[in-house]
Amino acid sequence: MIVKIKRQESQETNSYWQSFEYNGNPDVNVAFVLEYLNYNDDLTDIDGNPARRIVWECGCMQKMCGGCAMLINHTPALACNTFLRDIKGKCLTLEPLSKFPVICDLMTDRSIIEDGLKKARIYLHGNAEIHPSEHGLTYNAAKCLKCGLCLEVCPNYVTGGSFLGACFANSAYLYRTVSGDKAEIEREYRRHFEKSCSKSLSCMSVCPMKIQTLSSMARLNAK
Amino acid sequence: MKKKILIIGSGIAGLSCAVTAAALGNEVQIVSPFPSERAQSVMAAGGISAVPDTNIGNDSVGCHAEDTLRGGCFIANRREVENLCAAAPGIIRWLERLGMVFNRDPEGEIELRAFGGQTYKRTAFAGACTGKQMVTALTGALRKYECSGEVTRRLGLQFHSGLIAGGRCCGALMYDERSRKTEAIYADAVVMATGGQNQLFGKTTGSVLCDGYSQGKLFEQGVHLKNLEFIQYHPTTIETPMKRMLITEGARGEGGRLFYFNGGRKVYFMEDKYGEKGNLMPRDIVSKCIYDVPEQVYLDLTFLGEGIIQGRLKEVYELCREYIGLDITKEYIPVYPSVHFFMGGFSVNSRHRTNVAGLYAAGECASIYHGANRLGGNSLLAAVYGGQVAARSITESEYVRPDENFEEYIREQNKKISSLFSGSSNYPAAYVRREIAQIMNDNLGITRSGDELEHGIKSIDFYLSAAKKIHFDASVSAYQAYSVKPMLLLSKAVLMSAFFRRETRGAHIREDYPKTSDCFKASSLSRYENGSISVSFVKEGDEQ
């Protein structure tokens, strides 16, 4: 299999494409392929030229931490949850997420997600109380990995804009539901989400945790 | 008096410490390479043990403490374990107040599940992702303090070393991979919350980000380590080409049964040997029993039904379906014991302070409560509690940071880091890390022997001496390159601790010393002085 990777040494340098050959175990995920390439004593590209090792973010290797979010064959996905058996064709194309600044190669700076939550003061206001009917949805919303896949795929999310996307809406739902004082979070939700979402719901189709963003929105939109 | 506190690591122990310290009015800085969502804590599955304060059954805090001490084979300090267990009900209420989403019974009370080694069922849980739910609640609580400016969170910083002089810690030197620069952060107290030393064994059930570097580096700088030989093999993990993945003990807590086939007949070997609670014996015992079984061992959850599996073990269902293509409602899970948790780490006292003034540790990187074997449900408890205790101890401490000058030390370290980039070596530090893992796995399995351990020590010595001469490829990560030597040093201390404990106790099973010996009813203490490692044994309650 040909592994074509978009590479960039830093934010200040230009990106370029480099291809590698992977002939290892086919029953693995994309994270394994990256690790396999990096573990070779001398990494060479497909033409035999020496290559710099590939930088990517890796943590749990099993869809629990969201570190390895990237574009895999042009689709936002987690490398640890995308399997070679599901790749169509013989070429695997890997690119960094396009809506976040590149740190190096496939690693991006996603701190804007947390910055948005801080700016909108999305946290527990007052004492926590969870109504039993909200248990399932709050449990689901609390599983958000802050991986950024929902923002990458969203047609409305623009880097640096005031619309903060699905991961924001789910956190807003979670803290609004558990908070005694809900007004401030509802106001911030209206400001940073409600009016700009065109409801393509592509966020839900790429979410590795299958978070029910539509339900979060429905709860928050209900007056 | 308001203290300046530096917390290194932003998993559950770090978050718990930061929230508590900020609530007490301190100035807190929490640093980590990545955000809390990437911390290993999110992988903790099963639950957090506490005798509920609403309990009307027979359970008691004393019983929780007794189970914990017995599970740890009686080398943990009784008073510290009792304090941990006494604080547990309050910790559950604290997490509830922070909005953590626990599973609840029809009356609205927090539901409990059984875990290994418990006399009574006492583990609160959130599906099979308790750690993730806890991280979300604590991150939200911390965000409030970040917004008010009482806590500063810094990302992208790797630990380099402690700023330590004359047995006193004045801060830490951090390294930023992006700018390729170090940054000295001075503080009245430093709290290490960096997780276990997974990477010494390569792929474990945990995160690849937990590598033991901070333990190795601070050990080199004079910080004492404890009980390194006790490495927990979790009985139930699944094999994938990528890594072994955890099947939570909660699956057996819900009724899951272990068995193997003997000529078409199912042999429930744990129940045959230990009776009704056989599947929920402490992990060291279950892992050893699986290891001794000559056939493939399976975990059967099929009889639990869709309701329990989808309602309480949904993450287990999804994990098996996605990573091994198995439907656990219909098929048995092939399981293997694998490295999961480290009972050993920084030796800390009741205040979670190390032997260095101003330096504290909490969570898996600290060794205090679990003795020779940790009970399931006690790691999340110890992480939250340890973070809280460290924060309170620092707040109450009279310790005043000395006015030391570290400029020369920092200049020297910067020079060493710069030299990493000066060569054109392609030799990857990852290669030596892989060799370390091979040596550790070969010589520190579920059972060990003196010969194997000696061989392991010699192999590590070879790499320790070679590491001085090798110029590693630092183009990708200088951290990976400078972490090699301290990781080798830590590996040697682990092997030596295992070598000198000439008995079998808990997770340390010696083929050549199969009996438990009262001579070793003590914690091992590793020290690094004048370039060499020494291991001694310290009885419970002795001053360290």
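Residues numbered from 1 in each chain as written. Chains lettered and ligands numbered in written order. Predicted model: local features only at pLDDT ≥ 70, side-chain atom pairs only at ≥ 80, totals over all residues. Heavy atoms only, no water.

Undergrad: Talk me through the overall build of chain B; I want residue IDs and the actual numbers.
TA: The helix and strand inventory of chain B stands at 16 helices and 24 strands. Scaling as 2.2 N^0.38, a compact globule of 544 residues should have a C-alpha radius of gyration of about 24 Å, and chain B matches this with 23 Å. Along the first, second and third principal axes, the C-alpha set of chain B runs to 70 × 50 × 45 Å. Per-residue burial over chain B gives 65% buried out of 544 residues. Contacts spanning at least 24 positions in sequence make up 72% of the contacts within chain B whose residues lie at least 6 apart. (Helix = DSSP H or I, 4+ residues; strand = E, 2+ residues; numbered from the N terminus. Rg over C-alpha atoms; globule rule 2.2 N^0.38 Å. Buried < 20%, exposed > 50% of the residue type's maximum accessible area, 1.4 Å probe, protein only. Contact = heavy atoms within 4.5 Å.)

Undergrad: So what's going on with the packing of aromatic side chains? Which residues, and what values?
TA: Overall, the coordinates contain 25 aromatic pairs over all chains when judged by the stated rule. Measuring from ring centre to ring centre gives 5.5 Å for Y189(A) and F193(A), while their planes differ by 20°; the resulting arrangement is stacked. Within this pair, Y189(A) and its partner F193(A) are both found in helix α6 (residues 183-194), separated by four residues, close to a single helical turn. Grouping aromatic residues by their ring pairs yields a cluster made of F159(B), Y175(B), Y213(B), Y479(B) and Y482(B). One Lys or Arg, K4(A), reaches over the ring of W17(A) and ends 4.8 Å from the middle of that ring. Seen from the ring of F341(B), R374(B) lies directly overhead, with NZ or CZ sitting 4.0 Å from the centre. (Phe/Tyr/Trp six-rings, centres within 6.5 Å; stacked < 30°, edge-to-face > 60°. Lys NZ or Arg CZ within 6 Å of the ring centre and 35° of its normal.)

Undergrad: Lay out the sheet that holds strand β18 (residues 345-347) of chain B with the relevant residues and their values.
TA: All names here are of chain B. With respect to topology, five strands assemble into an open sheet ordered β20-β18-β11-β23-β24, the strand pairing being mixed. The open sheet has two edge strands with one neighbour each: β20 (366-367) and β24 (532-538). Contacting β11 (225-226), β18, β23 (523-529) and β24, helix α5 (residues 213-220) runs over the sheet at an angle of about 60° to β23. Here helix α16 (residues 484-500) sits on the sheet in contact with β11, β23 and β24, set at roughly 40° to β24. (Pairing = 2+ DSSP bridges. Axes fitted to C-alpha atoms, helices over the stretch in contact; angles between N-to-C directions.)

Undergrad: Now, about helix α2 (residues 61-71) of chain B: what can you tell me, with residues and values included?
TA: All names here are of chain B. C63, H64, A65, D67, T68, L69 and G71 are the residues of α2 that are buried. Those residues of α2 that are buried are in contact with β3 (48-49), α3 (78-97) and α11 (378-396). Once α2 finishes, C73 follows within two positions and takes phi at roughly 60°, a positive value.

Undergrad: A description of the interface of chain B and chain A should follow, citing residues and the corresponding values.
TA: Each partner contributes to the interface: chain B provides 50 residues, whereas chain A provides 54 residues. Interface area for chain B against chain A, summed over the two sides, is near 4,400 Å², with a carbon-plus-sulfur share of 55%. When the buried area of chain B at its contact with chain A is split by residue, R38(B), R143(B) and R178(B) rank highest and sum to 15% of it. Summed over the shared surface of chain B and chain A, the result is seven salt bridges. Across the pair R143(B) and E114(A) runs a salt bridge, and its minimum N-O distance is 2.8 Å. Here chain B is connected to chain A by 24 residue pairs in polar contact (both at pLDDT 80 or more). Contributing elements (two or more residues each) for the side of chain B that touches chain A: α3, α4 (130-147), α10 (314-324) and α13 (429-443) of chain B. The leading source of residues in the side of chain B that touches chain A is α4(B), at nine residues. (Buried area = accessible area lost by both parts, 1.4 Å probe. Salt bridge = Lys/Arg side-chain N within 4 Å of Asp/Glu carboxyl O. Polar contact = N/O pair within 3.5 Å; in protein donor to acceptor, adjacent residues only side chain to side chain.)

Undergrad: Talk me through the side chain of R52(A); I want residue IDs and the actual numbers.
TA: Inspection of the secondary structure assignment puts R52(A) in the loop between α1 (30-39) and β3 (69-72). Looking at R52(A), its side chain comes within polar contact range of the side chain of D105(A), at 2.9 Å. In contact with R52(A), not counting residues within four places along its chain, are R7(A), Q8(A), E9(A), Y16(A), L43(A), C104(A), D105(A) and S475(B).

Undergrad: Break down the confidence of the model for chain B for me, with residues and values.
TA: Within chain B, residue pLDDT values average 95, and 99% of them lie at 70 or more. Both scores are given for the predicted complex: the pTM is 0.97, the ipTM 0.97. (pLDDT = per-residue confidence, 0-100.)

Undergrad: If you had to explain the sheet that holds strand β15 (residues 265-267) of chain B to someone new, which residues and values would you point to?
TA: Residues and elements named next belong to chain B. If you walk across this open sheet you meet the six strands as β13-β12-β17-β16-β14-β15, and the pairing is antiparallel. A strand with exactly one partner marks an edge of an open sheet, and here the two such strands are β13 (244-246) and β15. Pairs of neighbouring strands in the sheet enclose a mean axial angle of 55°, with direction left out of account. Bridging between strand β12 (residues 231-239) and strand β17 (residues 333-342) involves five bridges; their strand directions are antiparallel. Considered in β17, the bridge of I231 is made with F342. Relative to the sheet, helix α8 (residues 283-292) contacts β12, β14 (257-262), β16 (297-300) and β17, its axis offset from that of β12 by approximately 55°. Sheet contacts for α10: β12, β13 and β17; angle to β12, the most-contacted strand, approximately 65°.

Undergrad: How would you explain the state of the cysteines if you had to name every residue and give the values?
TA: Residues and elements named next belong to chain B. Taken as a whole, this structure holds zero disulfides over all chains when the rule is applied. For C17, which is in no disulfide, the shortest distance to another cysteine sulfur is to C365 and amounts to 11 Å. A relative accessible area of 0% means that C17 is categorised as buried. (Disulfide = S-S within 2.5 Å.)

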